[in-house]
Amino acid sequence: MSILKADSLHFAYDLDKGNHKVLEDFSLDIESGEFLAVIGPSGCGKSTLLRLLSGFIRPGSGKISLNGSEVLRPERAGQMIFQDFNQLFPWLTVEQNILFPRYRSFFSLGKKAVDPPDRMRVDEILELTGLTGFRKYRPHQLSGGLKQRTALARALFADPQILFLDEPFGSLDAPSRVELQNLLLRVWKEKKRTVLFVTHDISEALFLADRLLVFESRSGRFKVHSNSLSRPRDRHSGPFRERKLELYSLIDPD
Amino acid sequence: MKKGLLPGLAVLLLWQILFMSGFFSPLVFPSPLAVAESLYGDLKTGELVLSILFSLAIILGSFLPSLILAFFLAWLAFRYRSFDPWIEKLSALVHPLPGIALLPLLILWTGLGTHIIVLIVIHSVLWPFYINIRSGFRQVPGVWLDVADNNRLSEGERFLSLLVPASFPQIFAGLKIGWSRAWRAVISAEMIFGTIGSGGGLGWFIYNKRIFMDTPGMYGGVIILMLIGLAVENLLFRSVERRIAYVYSQS
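Being a predicted model, the structure only gives us computed values, none of them experimental.

## So, the sheet that holds strand β2 (residues 18–31) of chain A
All names here are of chain A.
Consideration 1: Read from one edge of the open sheet, 4 strands run β2-β1-β4-β5, paired in antiparallel fashion. Of all strands in the sheet, those bounded by a partner on one side alone are β2 and β5 (69–70).
Consideration 2: With 5 bridges joining them, strand β1 (residues 2–15) and strand β4 (residues 61–66) adopt antiparallel strand pairing. By the bridge assignment, Ala-6 is partnered in β4 with Ile-64.
Consideration 3: Sheet strands touched by helix α1 (residues 46–53): β1, β2 and β4. Its angle to β1, the strand with the most contacts, is close to 125°.

## Let's talk about the interface of chain A and chain B
Consideration 1: If you look at the interface, chain A gives 29 residues, while chain B gives 23 residues.
Consideration 2: In this assembly, chain A packs against chain B so that about 2400 Å² is buried in total across both faces, 57% of it on carbon and sulfur atoms.
Consideration 3: Of all residues in chain A, the largest losses of buried area upon contact with chain B belong to Trp-91, Arg-104 and His-140 of chain A, amounting jointly to 28% of the total for that side.
Consideration 4: The interface formed by chain A and chain B contains 3 salt bridges.
Consideration 5: Its salt-bridge partner being Asp-146 of chain B, residue Arg-51 of chain A comes within 3.1 Å of it at the nearest N-O pair.
Consideration 6: The interface formed by chain A and chain B contains 14 residue pairs in polar contact (both at pLDDT 80 or more).
Consideration 7: Counting residues per element, the ones that place at least two in the side of chain A that touches chain B are β6 (78–81) and α4 (144–157) of chain A.

## Things to note about the domain arrangement of chain A
All names here are of chain A.
Consideration 1: Examined at the domain level, chain A breaks down into domain 1 (1–77 + 160–178 + 188–254) and domain 2 (86–159).
Consideration 2: The centre of domain 1, based on its C-alpha atoms, is set 27 Å off from the matching centre of domain 2.
Consideration 3: The partner domain 2 presents 13 residues to the 9 residues of domain 1 that form the contact.
Consideration 4: With both chains or domains summed, domain 1 and domain 2 bury close to 960 Å², and 58% of this area falls on carbon and sulfur atoms.
Consideration 5: Interface area lost by domain 1 to domain 2 is led by Arg-76, Pro-160 and Lys-191, which between them contribute 52%.
Consideration 6: The closest approach of N and O atoms between Arg-193 and Asp-159, which form a salt bridge, is 3.1 Å.
Consideration 7: Taken together, domain 1 and domain 2 are joined by 4 residue pairs in polar contact (both at pLDDT 80 or more).
Consideration 8: Residues of the side of domain 1 that touches domain 2, tallied by class, amount to 4 nonpolar, 1 polar and 4 charged.

## Considerations on the packing of helix α5 (residues 103–110) of chain B against helix α6 (residues 115–138) of chain B
All names here are of chain B.
Consideration 1: Where α5 meets α6, the axes come as close as 10 Å, and the angle between the chain directions of the two elements is 130°. Taken together, the axis directions place α5 and α6 in an arrangement best described as oblique. Every pair of crossing elements has a handedness; the one defined by α5 and α6 is right-handed. On α6, the residues that touch Leu-103, Leu-106, Ile-107 and Thr-110 of α5 are His-115, Ile-116, Leu-119 and Ile-120.
Consideration 2: Partitioned by chemical class, the residues of the contact of α5 with α6 number 6 nonpolar, 2 polar and no charged.

## A closer look at the sheet that holds strand β7 (residues 162–166) of chain A
Hydrogen bonds between backbone groups are what pair the strands of a sheet, and the pairing can be parallel or antiparallel.
All names here are of chain A.
Consideration 1: Here we have 6 strands laid out as an open sheet, ordered β6-β7-β8-β3-β9-β10, and mixed in their pairing. The outermost strands of the open sheet, each flanked by one partner alone, are β6 and β10 (222–226). Going across the sheet, the axis of each strand differs from the next one's by a mean of 15°, ignoring polarity.
Consideration 2: Pairing of strand β3 (residues 35–39) with strand β9 (residues 211–215), which is carried by 4 bridges, proceeds in the parallel orientation. When the sheet's bridge partners are listed, Val-38 is paired in β9 with Leu-213.
Consideration 3: Strand contacts of helix α7 (residues 238–251): β3, β9 and β10, with the helix running at about 30° to β9, the strand carrying the most contacts.

## Regarding the packing of aromatic side chains
Consideration 1: A complete count under the given rule lists 31 aromatic pairs over all chains for this structure.
Consideration 2: Relative to Tyr-219 of chain B, the ring of Phe-29 of chain B lies with its centre 6.4 Å away and its plane at 90°, an arrangement referred to as edge-to-face. Of this pair, Phe-29 of chain B sits in the loop between α1 (5–20) and α2 (32–45) while Tyr-219 of chain B is found in helix α11 (residues 215–247), placing the two residues 190 residues apart along the sequence.
Consideration 3: Residue classification places Phe-29 of chain B among the buried residues on the basis of a relative accessible area of 15%.
Consideration 4: Here the aromatic rings of Tyr-80 of chain B and Phe-83 of chain B are separated by 6.4 Å at their centres, their planes lie at 80°, and the arrangement is edge-to-face.
Consideration 5: Looking at Phe-83 of chain B, the relative accessible area reads 38%, which means it is partly exposed.
Consideration 6: Site record: aromatic cluster; members linked through ring pairs are Phe-89, Trp-91 and Phe-100 of chain A together with Trp-144 and Tyr-248 of chain B.
Consideration 7: The ring centre of Tyr-80 of chain B lies 5.2 Å from the NZ or CZ of Arg-79 of chain B, which sits over that ring.
Consideration 8: The ring of Tyr-207 of chain B carries the charged tip of Arg-210 of chain B above its face, separated from the ring centre by 5.2 Å.

## Overview of unusual backbone geometry
All names here are of chain A.
Consideration 1: Following Arg-231, the chain continues to Pro-232 via a peptide bond in cis, the omega torsion being -5°.
Consideration 2: Within the secondary structure, Pro-232 sits in the loop between β10 and α7.
Consideration 3: With a phi angle near 55°, Asn-67 is a residue other than glycine that sits in the positive phi range.
Consideration 4: Position of Asn-67 among the secondary structure elements: in the loop between β4 and β5.
Consideration 5: Given a relative accessible area of 43%, Asn-67 falls into the partly exposed group.
Consideration 6: Even without a glycine there, the phi angle at Glu-167 is positive, about 45°.
Consideration 7: Structurally, Glu-167 can be placed in the loop between β7 and α5 (174–191).
Consideration 8: In this structure Glu-167 comes out as buried when scored by relative accessible area, which is 12%.

## Brief notes about the environment of Leu-175 of chain B
All names here are of chain B.
Consideration 1: Tracing the chain through its elements places Leu-175 in helix α9 (residues 168–193).
Consideration 2: Residue class for Leu-175 comes out partly exposed when judged on its relative accessible area of 22%.
Consideration 3: Separated by 134 residues in the primary sequence, Leu-175 and Gly-41 place their C-alpha atoms 34 Å from one another.
Consideration 4: Residues contacting Leu-175, with those up to four places away along its chain left out, are Phe-63, Leu-67, Phe-129 and Phe-237.

What counts, and where the lines are drawn
Positions within a chain are numbered from 1, following the residues in the order the chain's sequence is written. Written order decides the labels, with chains lettered from A and ligands numbered from 1. Since the coordinates come from a predicted model, pLDDT governs what is reported: local features require at least 70, and pairs of side-chain atoms require 80 or more to be given and counted, while whole-chain, interface and lining totals use all residues. Excluded from the side-chain calculation are hydrogens and water; included are all heavy atoms of the structure. In this analysis, strands are considered paired if DSSP registers two or more bridges between them. The secondary structure listing takes helices from DSSP runs of H or I that are at least 4 residues long and strands from runs of E that are at least 2 residues long, numbered from the N terminus. In this analysis, two residues are considered to be in contact whenever any of their non-hydrogen atoms come within 4.5 Å of each other. In this analysis, axes come from line fits to C-alpha atoms, helices being fitted only over the stretch in contact, and the angle between any two N-to-C directions falls in the range 0 to 180 degrees. Two parts lose some accessible area (1.4 Å probe) when they are put together, and adding that loss for both gives the buried area. A carboxyl oxygen of Asp or Glu within 4 Å of a side-chain nitrogen of Lys or Arg is what we treat as a salt bridge. Polar contacts here mean pairs of N or O atoms no more than 3.5 Å apart (in protein, one a potential hydrogen donor and the other a potential acceptor; neighbouring residues in sequence count only if both atoms are side-chain atoms). The split into domains, and so the bounds of each, comes from an automatic or database assignment of domains. In this classification, the charged set is Asp, Glu, Lys and Arg, the nonpolar set is Ala, Val, Leu, Ile, Met, Phe, Trp, Tyr, Cys and Pro, and all remaining amino acids, among them Gly, are polar. Here roughly perpendicular refers to angles of 65 to 115 degrees, roughly parallel to angles under 35, roughly antiparallel to angles over 145, and oblique to all remaining angles. Working rule for handedness: look at the near helix, and if it is turned counterclockwise from the far one by less than a right angle, call the crossing left-handed; if clockwise, right-handed. Note on ring pairs: Phe, Tyr and Trp rings are taken, using the six-membered ring of Trp, and paired if centres are within 6.5 Å. Classes follow the plane angle, with under 30 degrees stacked, over 60 edge-to-face and the rest tilted. Burial here depends on accessible area, computed with a 1.4 Å probe over protein chains only, as a share of the maximum for the residue type. Under 20% is buried, over 50% is exposed, and the range in between is partly exposed. By the criterion adopted, a ring carries a charge over it if an Arg CZ or a Lys NZ lies within 6 Å of its centre and within 35 degrees of its normal.

Encoded structure:
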């Protein structure tokens, strides 16, 4: 069953030198529950595509629909997680940041205002994301990895059907990146949500996704490849490395 | 406060030495003891306390409408960008104007009364408030606005739960500037206006002492002004500032 559908999207940026075409006649069907990664060289329009599909920007023409209804602006059902560590609110604790999607009123963030079912949900999400011990911390006291965990937890608390991730682990050090990738897979399996993941890291995409949308250079041409590697995946196995090299040559034909 | 004690004592000592040198007439340069005595007397009659309360009441009474108006203007400029250059021009024109320069016009328009002092103080704090709140709103990172959009915040929620807390450091800086501006404005307005007005703030207190050639009293009034400024800076502003710098350090 398809959850997110893009129908012949066109998008161009207006620049001084005329307009720069990013997408031309782009169509895509995303299946409910699938993990789709978008890869390509920087400047190819990956992030633009994600912002289009999530409703943050509008296409020049074409239609995007989530569960059959057209996306005209960002939806709560499609939660975006950004690369920027600064996406948390510094004046709120980890727990309050996570509660924000539903308890946004500045005055109702006191403990009593949270419904018991939501309190249970927060506890469960904190547990799942490994943040239970950090609930009272403020963002400035957290490492980059913990900040991105909190952003993931906040998105989960909004109870989305689809998660849009824009290079969320791009600024992390290697060990935290692997940790967060494993966490994301755990969340995906447990919560059975659809995930759309933008990255420029081919091995990350190959490790995580069911399908890979590969932008081949900056022309806006792309191809969708299925990822047949069986889970759990081993980054050091022969087939994994072979697929990685293949994808490299697709993105950078030279 | 403890660190300030030694320089404070040194100044007092220097003052006493200067006084004892007999270089200045006691009529223009009284001894510290005479000033202290006069302050004690004014405190006992309640005159000084009433003057302080009067000036403070005017400042606080001006802060509230100024804050509301400044928030509204900044929100308007932020939400509807086409208003921004207009309000900017207005603030650039009016902000440098000393409030006292408006005194005759204000009297002409609104008549005599304590409200004149309030209006002058409002003029002196409204623009620093506005300028700081506006720059605070403008510096809110785009990713925070995206999170707000993603969760479909209403206009009110976006204002109260995002814009205001996000720009708290700048809002607070505006309050701090406004506080010192307000003191200057209220004291000078009271001095010029106090003789015909109903009120007797600290400015009027000092001015009154001059009329009766009570030099220690004049010194006392100025010292009280300095002490209030020092106390507010140390007890209120500094601790809040430290807390802000701590919490907002990452953004």
